[in-house]
Structure formats: structure tokens, C-alpha cells
Amino acid sequence: QVQLVESGGGLVQAGGSLRLSCAASESILSFHDMGWYRQAPGKERELVATITSGNSTNYQDSVKGRFTISRDNAKKTVYLQMNSLKPEDTAVYYCRARRGYGHYWGQGTQVTVSS
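A brief structural summary. (Residues numbered from 1 in each chain as written. Predicted model: local features only at pLDDT ≥ 70, side-chain atom pairs only at ≥ 80, totals over all residues. Heavy atoms only, no water.)

Summarising the sheet, strand β4 (residues 33-39) and strand β9 (residues 91-99) pair through 7 bridges and their orientation is antiparallel. The partner of Gln39 across the bridge, within β9, is Val92. Alignment of β9 against strand β11 (residues 109-114), held across 3 bridges, turns out to be antiparallel. Each residue of the ladder has a partner; that of Tyr93, found in β11, is Thr109. Strand direction decides the pairing type here: β9 and strand β10 (residues 102-105), joined by 4 bridges, are antiparallel. Its bridge partner lying in β10, Ala97 is registered against Tyr104. (Pairing = 2+ DSSP bridges. Helix = DSSP H or I, 4+ residues; strand = E, 2+ residues; numbered from the N terminus.)

In C-alpha cells:
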């Protein structure tokens, strides 16, 4: 079964930066795309960014210009560089892989941005 492990979350002041990592148990080239989602308390899980095997990217409007999704195929890892963080970015961030019929999810990593 596919396993995804997120890391890099933590507490940061507004305006700061964090870099999240998602390590996969198999080649990320085998997935149609990889993505980052987030869920804040009391809110629905929402898409943050996606990246395809061809390195095309898509971002939620609220993070455009601040977040960058990237991948390292050799390391089987997807990254989310988050700059100019805002308190409203506070959430649990989840890595998602998609292939065929399946969606696979990591356990999540907490990001907290203080005012």
C-alpha cells in the first residue's frame, strides 16, 4: 500500500516561512499528480496546490505568490515552500497522491502561524 509521510510543520510568526516535505514509499512518477491540502478546525479540507508528473502546477488563489510546490523524483519527495505566512494559513497540512482509482493520504503535519 502507498504510504505518505509529511514533515516540516511547526510554529512560526506571521511573515515567516516553513518548508513541508512529503516522502512517498514508491516512485512519485507513478502518480497522476501529487497535492497538498489543509484543514483548519471547524472547516472543510481544501486544496492548496498540486503538481503533475510533468511538473505543471496549480494553486489555490489565496496562496499564489506565497507558496511553491515542487518535487524531487529521485528522493520520492514533494515539497511545499510556504513564505509570507499568515495566521489564516494555520491548519493541518496533508499530502495526497492520486493514481487510477485511488487517493492516498498522509497523516498530516500541523502548521501554526501566530499573529
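Counting through the fold element by element, Asp33 comes out in strand β4. A distance of 2.5 Å separates a polar atom in the side chain of Asp33 from a polar atom in the side chain of Arg96. Look past the residues within four positions of Asp33 in its chain and what remains in contact with it is Thr50, Ile51, Thr52, Arg96, Ala97 and Arg98. (Polar contact = N/O pair within 3.5 Å; in protein donor to acceptor, adjacent residues only side chain to side chain. Contact = heavy atoms within 4.5 Å.)

Let us now look at the side chain of Asp89. Structurally, Asp89 is set in the loop between β8 (77-82) and β9. In this structure the side chain of Asp89 is engaged in a polar contact, spanning 2.8 Å, whose partner is the backbone nitrogen of Lys86. Other than its neighbours up to four places away in sequence, Asp89 contacts Arg38, Arg66, Phe67, Ser84, Val111 and Val113.

This part covers the environment of Leu85. Tracing the sequence through the fold places Leu85 in the loop between β8 and β9. Exposure remark for Leu85: the relative accessible area of 1% places this residue in the buried category. Between the alpha carbons of Leu85 and Ser17 there is a distance of 6.2 Å; along the sequence they are 68 residues apart. Excluding its chain neighbours within four sequence positions, the residues that come into contact with Leu85 are Val12, Ala14, Gly15, Gly16, Ser17, Leu18, Arg66, Phe67 and Val113. (Buried < 20%, exposed > 50% of the residue type's maximum accessible area, 1.4 Å probe, protein only.)

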